[in-house]
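Letter by letter, the chains look like this.
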Amino acid sequence: MSAGKQGDTLCFFINGKKVTEDDADPETMLLSFLREKLRLTGTKSGCGGGGCGACTVMVSRYQPATKTFTHYSANACLLPLCQLHGAAVTTVEGIGSTKTTIHPVQERIAKAHGSQCGFCTPGMVMSMYALLRNKPQPTMEDVTQALAGNLCRCTGYRPIVDGCRTFCQEANCCQANGDANCCRNGDGNPEKPEEPRLFEKEEFLPLDPTQELIFPPELILMAETANPETLTFYGERTTWVSPTSLEELVQLKAKHPKAPLVMGNTNIGPDIKFKGVLHPLIISPSRVKELFEVSETPQGVWVGAGCSLSEVRSLLEKLVPQFPEEKTELLRSLNQQLGNLGNQQIRNVASLGGNIVSAYPNSDLNPVLAAGNCKVSVISSGGRREVPLNQDFFMGFGKTILNPEEIVVSVFIPFTRKGEFVRAFRQAPRKEASFATVSTGMRVFFSEGSRVVQDVSLYYGGMGPTTVSAAKTCTAIVAKPWDDETLSKAYDIILDELVLPPSAPGGKVEFRRSLTLSLLFKFHLEVLQKLRDTNVIKDEVPEKIWPLPREIQPSLQEFQAVSKDQSAQDPVGRPIMHRSAVGHATGEAVYCDDIPKTDGELFLGLVTSSRAHAKITAVDVSQALQLPGVVDVVTAHDIPGMKFRPMSGQEEELMAETEVECLHVFVLESEAIEKSSYYEPRRSIERGNVTEAFEKVDQIYEGEMRMGGQEHFYMETQSMLVVPVGEEMEFDVYVSTQSPSAIQEAVAETLGISSNRVTCHVKRIGGAFGGKVTKTSHLVSITSVAALKTNRAVRCVLERGDDMLITGGRHPVMARYKVGFMNDGRIVAADMEYFTNAGNTIDESVLVVEKMLVHMDNVYNIPNLRGRGAACRTNLPSNTAFRGFGVPQGLLMVENMVNDVAAVLGRPADEIREINMYRGPSVTHYKLEFSPENFLRCWDECKLKCDYSARRKAVDQFNQQSRWKKRGMSIIPIKYGVAFAESFLNQAAALVHIYKDGSVLVTHGGTEMGQGIHTKMQQVASRELHIPTWKIYISETSTNTVPNTCPSAASFGTDANGMAVKNACEILYQRLEPVRKKNPNGTWESWVAAAFFGKISLSATGYFRGEDLYMDWEKMEGRPGAYFTFGVSCSEVELNCLTGDYRTLRTDIMVDIGRSVNPSVDIGQIEGAFMQGLGLYTLEELKFSPSGLLYTRGPSQYKIPAVCDVPLRFNVYLLPDSDNPHAIYSSKGIGEPVVFLGSSVFFAIKDAVAAARSDSGLVGPFTFSSPATPERACLACNSQFTQKIPTSKPGSFKPWALNI
Ligand SMILES: Cc1cc2nc3c(=O)[nH]c(=O)nc-3n(C[C@H](O)[C@H](O)[C@H](O)COP(=O)(O)OP(=O)(O)OC[C@H]3O[C@@H](n4cnc5c(N)ncnc54)[C@H](O)[C@@H]3O)c2cc1C
Ligand code: FES
Ligand code: FES
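Residues numbered from 1 in each chain as written. Chains lettered and ligands numbered in written order. Predicted model: local features only at pLDDT ≥ 70, side-chain atom pairs only at ≥ 80, totals over all residues. Heavy atoms only, no water.

Right, let's talk about the state of the cysteines for a bit. The final tally for this structure, using the stated rule, is zero disulfides. Sulfur of Cys592: no disulfide; nearest cysteine sulfur belongs to Cys760 and is 9.6 Å away. Judged by relative accessible area, Cys592 falls into the buried class, the value being 6%. We note that Cys1046 lacks a disulfide partner, and the nearest cysteine sulfur, in Cys760, lies 14 Å from it. (Disulfide = S-S within 2.5 Å. Buried < 20%, exposed > 50% of the residue type's maximum accessible area, 1.4 Å probe, protein only.)

Pasting the structure below:
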């Protein structure tokens, strides 16, 4: 079978329209078909591997046998087009649009402020839509399950959940449900004015399921009448065959044993995409009915291997209540494990047989299927046989005992017997949508009325190349009584039996080994409980380990209402919806890669060096040029202008010319320190006399701490399109960047042309977080060289893996500190030394160090304070700006130091914090006078709102009563300086046009990246021009309208651009004064018309000069920020000490942001930044090989927070009655400060760990690095299980990954 042959016609429906394809290519996925062929760009691409949910669509099918329809969400990036024959696909465009009507899901997510950059929103909408098609009144559990596979990097999920919650029937009290007895009514005092809400549920369209798109009758007819025939589709490299009967399938497989059976494509798809695997033939058995049959026998149930995991779940849910509990032990364990496997979109397509045959090392199902004595029925041309799923079945990574031509037809799941108990456990880096670190299936059988073990099986995933059995341990347990003595022997045997070498792939060796023990212990406890419940034993069970709480509660968002005197039309201070929210939710909002292809457009791919440090001796591109589709190869020799970007006085090469840049083959700061490899200048600052002060203190403590870096993981990867205009070396650049002028300059300098030939356009950015400034200008420079060389438009959109590999992220930091304090808790001297891992180029690394040092006092008045900082040059990819710009790293060390002081003194950390806070008129360590009054108000208010003292007591009480679960609580402050210390960056300009019809076009220098700057600018213009916001439009940010823009960064975008827009509008309103006076009762439109006829200019530029900020490092003094934004956050967690798993039970955040221009936008920034901080400090872990290769190159390996990580109660309060003379309308910048408050979860985890350690007699400070992953938390608890794990001597082996 080969390309060129005439295949069948593929027929399916998209959004009610028929699609027929005569040349369907088996290698095409639905996502690219939608985006490129049909131009349905609402469905986004965020990862291409099923890990982010941005591409979610709904697939509907008709089952002629039962005459029923199924609707399910699926990832378009993994859905082969050829799989869709006979299906109906619904995309975000199909459910509603601004041109017709929008769907209630779209409306509610938009109006609940559930979108910021909006890139994830269509996926969120479609996941929720698919849920509602199946269940119009879902529970909250349904909602969180449906959204578990959809990542959002901006919002913090709370508003999305609140928008979706409005569909739930549950009587959860909150403003989201608009209940009369709302919790917000508090004391029920009718006199109390009602508090303002972020949105009004009453305004929402009702959900009317009868209005949904119907399943196409033509497809029903097709399914009912057509005689199924074999379908064949021929592509360039791959042929797709879909047989109709088992017999045909067997023949095909006999003929082509190497051809994979593609069911859900969730294993095969990623292999093809990411590992470049090529399958000349693919067999799709999705129409072979035997693979989907279910039958019951007295011994158990046979389930078709083709059933999707969701179908298996539904089946188990249906079966369990039909049988006595004792028979369904295995069914229930399987069901529980299925609930945690992957995410909804994956489970909806991934098949049971596929999961078994894929034989993943850390499969969730295989250990429990094996422990439960399941078997598979397989067929091949040689006949049928039944094969038990035991230790002989799983032979190695992705390898089973089956012959290549064998097909799994069904899986037998037996009922359990009386006295038989089955459990399945897993521990994963993230609670949901994450492969397990270790998974287990455990079964034990007792003869009736006895605690003596008749039979036991223990299977583990994650402890070898495939599912493994702890057979020796089982043998040691059999015939013994199930008690502590037997089990304690079992722990020792299992340790010997399941050994992982210290350099085992996947790392986390000690953790994985300790999980084998602690999960067995958990099983032990549950079995004891069962034996007790069934009156077999009378022993007291030491402790029942309940699952961590998981239900997301309604939360509070408190802000001040605008004054009663404010005109109803004036939007400033009101929670106005993001101006593009509806466009986000309908998929109509246009991002860079949604721009239609121009004629002859080319696509640029980057070739990266396979060696970190190498000389280029010659470049031969001849082979590349022969590849199909390759038009040209661009190298450094093609650059006509500057071959580098100047950064901090140094030159960063755009493309390697003679040598691959990474000069020093070491990756850790410690190696750089050893070799004195730093970027200059190194910085230091000191107040008082630290050395002398140390001599006078009561106590001194020295500590060291490491903190890992962070990947931006903006949902829209780096994207750009460079279009040669065709004359006089003019170029249009469409790009996703925070700094249009930097891009313009970079393109001009690279091409050797002047800036006036380059126009940079930025409509919106799908998230940036600091990562779309310097790195984007490098990429766009390279893209522009390709456009120049080929004289064609060139687009470059990085794959997620390349983006993560190339563009760097937040700097990892190592800090050493020495702190001197008095016995009463006063810190008298502190000496901090910071080393950041800057990577192979300087980028903004020195500036990051500077910001770290400037903020190192946080809210503490430490009289003798010294800070030294160095950016280490290593051979990691170069790190760059990231929300907070060093402050989240620097302050973690400071707060950790304060915690250590508390631990040494044996006092509560919040007390030591309070003792050392600035009070009254204060001066920072760089000699800036300021008032901490608003900060102290935040602190007191936060403690009050979160009921700190009572809850602290409750936490301590909980910990006294619980051995294996501990709670922890912490309250953390921040004082954050807003604006750039580099004074020239604090300027901004705006251009405002009034057209003759009265409509207004505003352009300003800020870029819209989800932070709502355009919405706020519309509010400013509306107030100043006294017109409603709908008359004001913002199209894009462009360098030909507003030149010389400063980056949208440093939390200063609204401050600067708001003043510029205000200035332009004031000028225009002033100009209209004569016509307004002449016709005081006239309308806006009449004044505008009169002005035009009166020859009054209706266009004005506005400008804001910004304050003269500076930092003088010689004198160690300055004013590096315009003012401070203050905040305090209190978090409480519950930690399972056996596994390190934790859940944030509650977070309260009090922030002083002056008078908010838009409380919904600002609260969105607070929640989003907090969640990004929570990810930074507790979850996100970059893994590098010892030679610096990045392993974590996608959402499967790198976990950002998902819905399951949202604090169960997540309250945000804006400090009332706060003014700020330094920013527009007395507001304050809020983009960055709250990232650091995510560390309240880190310190709460540390607090819980400390409680666990004290049970083992360990008190006082201890080293605990960030992020506080389950691995770190579990090991730090130092339980009897972790103590058993032998540690390998560092240096005696090569670790799989480095702790960077
Ligand atoms: C984002 C993501 C998250 C995931 N998370 C988890 C997780 O948390 N836990 C977990 O256990 N798994 C997880 N998985 C893996 C997933 O469960 C498996 O990939 C899936 O079950 C495989 O089924 P499939 O139908 O998609 O297989 P396909 O990709 O279609 O096929 C996989 C392989 O199985 C073979 N095969 C399929 N059916 C049969 C059959 N009937 N007889 C013989 N051979 C057959 C094929 O030939 C092929 O080699 C995840 C996958 C993704 C993409
Ligand atoms: S793009 Fe499909 S899941 Fe990420
Ligand atoms: S709004 Fe969700 S990723 Fe930006």
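What follows concerns the side chain of Gln718. Checked against the element boundaries, Gln718 lands in the loop between strand E25 (699–707) and strand E26 (719–724). Polar contacts involving the side chain of Gln718 include one to the side chain of Tyr714, which spans 3.0 Å. For Gln718, the contacting residues outside a window of four places in its chain are Gly771, Lys772, Lys775, Thr776, Leu779, Cys796, Val797, Leu798, Asp803 and Thr807. (Helix = DSSP H or I, 4+ residues; strand = E, 2+ residues; numbered from the N terminus. Polar contact = N/O pair within 3.5 Å; in protein donor to acceptor, adjacent residues only side chain to side chain. Contact = heavy atoms within 4.5 Å.)

Now for helix H35 (residues 1239–1255). Taking 1.5 Å per residue as the helical rise, H35 with its 17 residues ought to reach 24 Å, and the 25 Å between its terminal C-alpha atoms agrees with that figure. Across the 17 residues that make up H35, a large majority, 13, are buried. At the C-terminal side of H35, Gly1257 shows a positive phi close to 80°. (Expected span 1.5 Å × (residues − 1).)

This paragraph deals with the confidence of the model for the protein. On average, residues of the protein score 94 in pLDDT, and 97% of them are at 70 or above. For residues 171–190, every residue scores under 50 in pLDDT, and the model assigns this stretch 42 contacts once sequence neighbours within four places are set aside. (pLDDT = per-residue confidence, 0-100.)

We now examine the sheet that holds strand E11 (residues 375–380). Spatially, E9-E10-E15-E11-E12 is the arrangement adopted by the five strands of the open sheet, whose pairing is antiparallel. Each having just a single partner strand, strand E9 (294–297) and strand E12 (383–388) make up the two edges of the open sheet. When strand polarity is set aside, the average angle formed by the axes of neighbouring strands in this sheet is 20°. (Pairing = 2+ DSSP bridges. Axes fitted to C-alpha atoms, helices over the stretch in contact; angles between N-to-C directions.)

Moving on, we come to the packing of helix H10 (residues 309–319) against helix H11 (residues 329–340). Viewed as axis vectors pointing N to C, H10 and H11 meet at an angle of 140°, and their least axial separation amounts to 9 Å. Two packed elements cross with a definite hand, and for H10 against H11 that hand is left-handed. Contacts from Leu309, Val312, Arg313, Leu316, Glu317 and Leu319 in H10 reach Leu331, Leu334, Asn335, Leu338 and Gly339 in H11. (Left-handed = near helix turned anticlockwise from the far one by under 90°.)

Looking at ligand 1, there are 30 residues lining it, with Met263, Thr266, Ser351, Tyr360 and Asp364 nearest. In this structure, an oxygen atom belonging to ligand 1 sits 2.8 Å away from a main-chain N or O atom of Gly264. Notes on ligand 1: free accessible area 990 Å², of which the protein chains cover 93%. Only helix H13 (352–358) and strand E15 (407–414) provide two or more residues apiece to the shell around ligand 1. When the residues that make up the shell around ligand 1 are grouped by side-chain class, the tally is 14 nonpolar, 13 polar and three charged. (Near = heavy atom within 4 Å. Areas by Shrake-Rupley, 256 points an atom, 1.4 Å probe, with all protein chains shown as cover. Nonpolar A, V, L, I, M, F, W, Y, C, P; charged D, E, K, R; others polar.)

A full pass over the atoms with the stated rule returns 30 aromatic pairs. A ring pair is formed by Trp302 and Phe412, whose centres lie 5.0 Å apart and whose planes are at 45°; its orientation type is tilted. With Trp302 in strand E10 (residues 300–304) and Phe412 in strand E15, the pair connects residues that are 110 residues apart, well separated along the chain. An aromatic cluster is present here, built from Tyr918, Phe930, Phe935, Trp939, Phe1124 and Phe1126 joined pairwise through their rings. Its end group placed over the ring of Phe713, Arg800 keeps NZ or CZ at 4.1 Å from the ring centre. Above the plane of the ring of Phe1262 lies Arg1253, whose end atom (NZ or CZ) is 4.3 Å from the centre. (Phe/Tyr/Trp six-rings, centres within 6.5 Å; stacked < 30°, edge-to-face > 60°. Lys NZ or Arg CZ within 6 Å of the ring centre and 35° of its normal.)

This part covers the sheet that holds strand E7 (residues 239–242). Spatially, E6-E7-E8 is the arrangement adopted by the three strands of the open sheet, whose pairing is mixed. The two strands at the open ends of the sheet, each matched to only one other strand, are strand E6 (231–234) and strand E8 (281–283). Put simply, the sheet's adjacent strands are angled 15° from each other on average, direction ignored. The sheet contact formed by E7 and E8 spans three bridges and is parallel. Paired with Trp240 across the bridge in E8 is Ile282.

A few words on the pairing of E26. Of all six residues making up E26, six are buried, and the element is well covered by its neighbours. Of the two faces of E26, the one carrying Ser719, Leu721 and Val723 and the one carrying Met720, Val722 and Pro724 are both buried. Relative to strand E27 (residues 731–735), E26 is paired through five bridges, and the arrangement is antiparallel. Bridged to Pro724 within E27 is Phe731. Counting the residues in the hairpin turn of E26 and E27 gives six residues, including Gly726, whose phi is positive at 115°.

So, about a nonpolar patch on the surface. Taken together, the side chains of Leu625, Leu627 and Val630 define a hydrophobic patch exposed on the protein surface, amounting to about 230 Å² of accessible area. In this structure, Val630 sits in the loop between helix H19 (622–626) and strand E22 (644–647). Taking the relative accessible area as the measure of exposure, Val630 reaches 32% and is therefore partly exposed. (Patch = residues over 30% accessible without salt bridge, like charges linked within 9 Å, V, L, I, M, F, W, Y side chains within 5 Å. Salt bridge = Lys/Arg side-chain N within 4 Å of Asp/Glu carboxyl O.)

This brings us to the UniProt feature "binding site: [2Fe-2S] cluster 2" (unreviewed entry) in the protein. Here the UniProt feature "binding site: [2Fe-2S] cluster 2" (unreviewed entry) sits at Cys117, Cys120, Cys152 and Cys154. These residues run over 38 residues, yet every pair of their C-alpha atoms falls within 9.4 Å of each other. Within the element layout of this structure, Cys120 appears in the loop between helix H3 (104–111) and helix H4 (121–134). Beyond its immediate stretch of four places on either side in the chain, Cys120 contacts Leu151, Cys152 and Met715. Mapping Cys152 onto the fold places it in the loop between helix H5 (140–147) and helix H6 (158–165). With residues near it in sequence (within four places) discarded, Cys152 still touches Cys120, Met124, Tyr157, Ile160, Ile1200 and Pro1201. (UniProt positions renumbered as here; feature names shortened; annotations may be inferred.)

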